[in-house]
Amino acid sequence: MKYHLSTLVFLGIYTMSSCSYSEENIKKEVSNHLIMDSHTLSNYKELPIKHSHLDLEVDFENKLLRGSVTHNFNEDRDTDLLILDSKHLEIDSVKDHQGDHLNFEFGNFDELLGSKFSIQLYKESKSVTIFYKTTSKSEALDWLMPNQTAGKRFPFMYTQGQSIFTRSWIPIQDTPGLRITYSANIKTPKNMMAVMSASNPQVQHSENSYNFEMKQPIPPYLIALAVGNLQFKSVDYRTGVYAEPSMLDECVDELTDMGKMVDVAENLYGKYDWDRYDVIVLPPSFPFGGMENPRLTFATPTIIAGDRSLVSLIAHELAHSWSGNLVTNATWNDFWLNEGFTVYFERRIMESLYGKDYSEMLALLGYQDLVEEINDLEPDMQLLRLNMLGKHPDDAMTDIAYEKGYFFLRMLEDHVGREKMDSFLLRYFNDHKFKTIITEEFIIYLENNLLNEYNEKLNINEWIFEPGIPANCPKVKSVRFENAASLVDDFMFSDARSLKEKTANWSTHEWLHFIKHLPNNINVDQLRDLDNVFNFSHSGNSEILALWFLQSIKSDYQPAFENLEIFLIKIGRRKFLQPLYLELSKSKKHKIWAKEVYKKARDNYHYVSFNTIDKLLN
Ligand SMILES: [Zn+2]
């Protein structure tokens, strides 16, 4: 083992003082399940749930889910206590498989983790059924009024489980360290379709009742539900799109390469293990770009740009079918194992489909984001392997996990060559499929399966356990971006009209690079000139819009503010909202304006987003 064990001790992974820190010991601790997730209050190591069945009715009028969940566990057990996570749920009663009532109690409420929910089992209890309903405080749920949807006639709801929100709509052992199968029956109002991260219907059922089954074991954060006036359309034999009827054709056209993406991904790192791959395009309040719910990616409508320029997001969510869903971080400290691998995989899919000069633009944009963000992060948040004890796991969703993780893997590729890297990753996914993993296990696996073989001495320890970007971070070059940057200079010495011809074949990414590189001293007249020629303030591309608005706030370019307000009220994607509100909060005048807009916008955001913006504006 070549990484410094003192770091592990420092991070507090090992608490037993008698333990000697050898590779053998780490293996033993892992196989004896001694590595605990600090973000669950449940006894998932002692008595893990094996299968869960949900029986829920969707009540739009009262904005709640009502019904029951049945958990099965090993009948051969050493404890009579089943301990679950629960947050903001109203529990009515608990029975076992014979219908006998079981006693239960709640521990103290913790703002971060919720409450420990302990159920006393009888010796012969084979399962528990919990009768409950969600409440208005259930953080996973977003309830949308008809006017917040595309069709404006029916309400809509969806869940967001990652990271620790599943416990707010299902009482469960809510940890990525557990894998369960699940089934469900969901009752909806008329003219509505329910879909889940499971086998899905393709037409609306007139009896308003839908059955689901997820046969592959998944961590509870990947249980997901969406209900709305949905329709389905195939893209090819194993991929398709769910969306509101008025958006469906547009979405299918945008995502027409989905089937090819699955083929390319399989060619890289092995068989797709989840049968179908579908995408649901949600209303604009969805707080993320996408969520990799297995079999059914949840996606923001902000990727529907009309020119297929933002589909790398689908490549990303699809890649999670291997990294994250097949091989899962066992704790949120190891989140980079989900995301760094996924970004690497995503860019390999994009390279295979659209060429290296395209994927290098994405890599360079990623690098720029990393450099920008790292300055705002405390040193202890700049490590790949984090210590999130006492913190919200969502705070780990930074470019460290995504981009530093990506560049770590790319550095490995640079050293060993692509062929060896690919056969290593193929083996890694295969050896860990349907399992969970922590960083230390990965390091041992890496040493044994890639580095030892070639006697490579690399600064693995620095990359994973130290802050900053190591000096051997691969350098990305993009000729297309160099050209875009040079046109910024051209523009500063002439006018926007002179750029028209030279930019005629530009992709979205070149425009992003261009806008990002406008100098700080650019004045309002120059922005107006650009806007008049290229109409940025009214762009149909959300990435361009968000970046243009950011520039407009910096320069106080008022003509953009009207559409900025519309954007902030309509779009709930945190990636866009956070930097815009942050920039607005830097000047007194803009902050007053931002608070007024936020009053109108907040109701349209999911908890994940308004929780972030609340902190930012107050
Ligand atoms: Zn991801």
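Each chain carries its own residue numbering, running from 1 in the direction its sequence is written. The predicted origin of the model limits local features to residues at a pLDDT of at least 70 and limits the giving and counting of side-chain atom pairs to 80 or more, whereas totals for whole chains, interfaces and linings rest on all residues.

So, on to the domain arrangement of the protein chain. Source of the domain bounds: an automatic or database domain assignment. Looking at the protein chain, the domain boundaries give domain 1 (49-229), domain 2 (327-465) and domain 3 (505-617). Just the C-alpha atoms count here: the centres of domain 2 and domain 3 sit 30 Å apart. Contacts are defined on C-beta atoms placed from the backbone: any two residues whose C-beta positions lie within 7 Å are in contact. Contacts between the two partners involve 5 residues from domain 2 and, on the opposite side, 4 residues from domain 3. A per-class count over the side of domain 2 that touches domain 3 returns 3 nonpolar, 1 polar and 1 charged. Gly is placed with the polar residues, together with every amino acid not listed as nonpolar (Ala, Val, Leu, Ile, Met, Phe, Trp, Tyr, Cys and Pro) or charged (Asp, Glu, Lys and Arg).

Here, any two strands with at least 2 DSSP bridges between them count as paired. Strands here mean DSSP runs of E at least two residues long; helices mean DSSP runs of H or I at least four residues long; both are numbered from the N terminus. Spatial strand order, β3-β6-β5: 3 strands in an open sheet with antiparallel pairing. The open sheet terminates on both sides in strands that have one partner only, identified here as β3 (81-86) and β5 (104-106). Strand-to-strand twist of the sheet, defined as the mean angle between neighbouring strand axes without regard to direction, takes the value 20°. Taken together, the 6 bridges between β3 and strand β6 (residues 115-120) define a ladder with antiparallel strand orientation. In the sheet register, D85 faces β6, and the bridge partner there is K116. Lines are fitted to the C-alpha atoms to define the axes, a helix being fitted only along its stretch in contact, and any angle between axes, read from their N-to-C directions, falls within 0 to 180 degrees.

On to the packing of helix α8 (residues 399-416) against helix α9 (residues 418-431). Helix-helix packing is characterised by the crossing angle of the two axes and by the distance between the axes. Here α8 crosses α9 at 125°, and the two axes come no closer than 6 Å. In terms of orientation, α8 lies oblique with respect to α9. In contact with L412, E413 and V416 of α8, α9 contributes R418, K420 and M421. Classifying every residue of the contact of α8 with α9 by side-chain character gives 3 nonpolar, no polar and 3 charged. Each angle gets one of four labels, with under 35 degrees taken as roughly parallel, over 145 as roughly antiparallel, 65 to 115 as roughly perpendicular, and the rest as oblique.

Moving on, we come to helix α13 (residues 508-516). Within the sequence span of α13, burial applies to H509, W511, L512, H513, F514 and I515. Looking at the buried residues of α13, the elements they touch are α7 (356-374), α12 (479-493) and α15 (542-554). Residue burial is a threshold on neighbouring C-beta atoms within 10 Å of the residue's own C-beta, all placed from the backbone, with 20 or more meaning buried, 12 or fewer meaning exposed, and counts in between meaning partly exposed.

Moving on, we get to the pairing of strand β14 (residues 231-236). By the bridge criterion, 5 bridges tie β14 to strand β15 (residues 239-243) in an arrangement that is antiparallel. Residue D236 lies in a different strand from β15, and its bridge partner there is T239.

The subject of this paragraph is the sheet that holds strand β16 (residues 277-281). Two orientations exist for strands paired in a sheet by backbone hydrogen bonds: parallel and antiparallel. Taken in spatial order, the 5 strands line up as β14-β15-β16-β18-β17 in an open sheet, and their pairing is mixed. Bordering the open sheet on either side are β14 and β17 (290-291), each of which pairs with just one other strand. Relative to strand β18 (residues 296-299), β17 runs antiparallel, the two being bridged by 2 bridges. In the sheet register, G290 faces β18, and the bridge partner there is A299. Those strands touched by helix α3 (residues 245-254) are β14, β15 and β16, and its axis lies near 150° from that of β15. The sheet contacts of helix α5 (residues 312-319) involve β16, β17 and β18, and relative to β18 the element is tilted by about 140°.

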